[in-house]
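Architecture and fold: a report
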Amino acid sequence: MVMRAGRGLSLTLAALTLTLSACASTTESNTGRTATEQLLLARASDKAIEGMVLPLPLGASVFVDDAYFQGEGTRYAVSAIRGAISDAGFSLARNKDEANAVFEIRAGALSLEQMRRVFGIPEMRIPINETFNVVSLPELSVYSHRDRVGVAEFSGFLYEAKTGAPLGAVVPMIGTYRIRSHKAFMVVSWGQQQAQPGRRDPGSSWTEF
């Protein structure tokens, strides 16, 4: 009886242990772009609008028309353009009726490019019969590097809000942001692996125009 009671107690403790040691899991959402890809586009957008100049007197009110500025990642770019206009000494109008000028913006490019260079034999897919079935051969390289580049190109033109008369144009503004990673013998990696978020001075997030 004692042995049976002890065995029953052991089984009970084992079941209780399994119950208490339940695992927890998390669910992650997958967006259209990775964080690194998003940062590449954001940094390229910031670089594109550096030094942007509008042919207007300081203090003029500008309405930014982004109706034709469409695509993934464009909302950040539009905000960057609005910030550059404000930083340049112009005021932002809420609509065309309140503006001295309308700045219609457009995106020539806002996307990613990737290039990989291999010193050795790259990965290949070779057909093996008449039905074009293929076999994949792995890469055999001594050294390789990969560039991931965010590319942004913006332009636009200005016209008078009330009359529609042309005031000038902004030539294409181009910005790129690149990260490069290296690999030796397909194993040893070094270099920048991902884009880093923007930096700020410790203790303050405020910058005065």
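Since the model is a prediction, treat every value here as computed from it, not as a measurement.

About the cut-offs
Residues numbered from 1 in each chain as written. Predicted model: local features only at pLDDT ≥ 70, side-chain atom pairs only at ≥ 80, totals over all residues. Heavy atoms only, no water. Phe/Tyr/Trp six-rings, centres within 6.5 Å; stacked < 30°, edge-to-face > 60°. Helix = DSSP H or I, 4+ residues; strand = E, 2+ residues; numbered from the N terminus. Buried < 20%, exposed > 50% of the residue type's maximum accessible area, 1.4 Å probe, protein only. Core = buried A, V, L, I, M, F, W, Y, C linked by side-chain atoms within 4.5 Å. Expected span 1.5 Å × (residues − 1). Arc of directions from axis to C-beta. Contact = heavy atoms within 4.5 Å.

Under the defined criterion, the tally for this structure stands at four aromatic pairs. When the centroid spacing of 6.2 Å and the interplanar angle of 35° are considered together, the rings of Y143 and W190 count as tilted. Of this pair, Y143 sits in strand β6 (residues 140-160) while W190 sits in strand β8 (residues 188-191); the two residues are 47 residues apart in sequence, bridging distant segments of the chain. For Y143, a relative accessible area of 23% translates into the label partly exposed. For W190, a relative accessible area of 40% gives the class partly exposed. Taken together, the ring pairs connect F119, Y143 and W190 into an aromatic cluster.

Looking now at the nonpolar core. L54, L56, I81, I85, F103 and F154 are the most contacted members of the largest nonpolar core, which totals 32 residues. Broken down by secondary-structure element, the contributors of at least two residues to this core are α2 (35-48), β1 (61-65), α3 (74-87), β3 (101-121), β6 and β7 (166-184). Of the residues forming this core, the biggest block, six residues, is contributed by α3. Grouped together as the second largest cluster of nonpolar side chains are five residues, F63, A93, A99 and V102 included.

With 14 residues, α3 extends 20 Å from end C-alpha to end C-alpha; this agrees with the ideal 20 Å at 1.5 Å per step. Listed as buried for α3 are T74, A77, V78, A80, I81, A84 and I85. Viewed along the axis of α3, the buried residues span an arc of 160°, placing them on a single side of the element. For α3, the secondary structure elements touched by its buried residues are α2, β1, β2 (91-92), β3 and β6. In the segment just after α3, G89 is the residue with positive phi, at about 105°.

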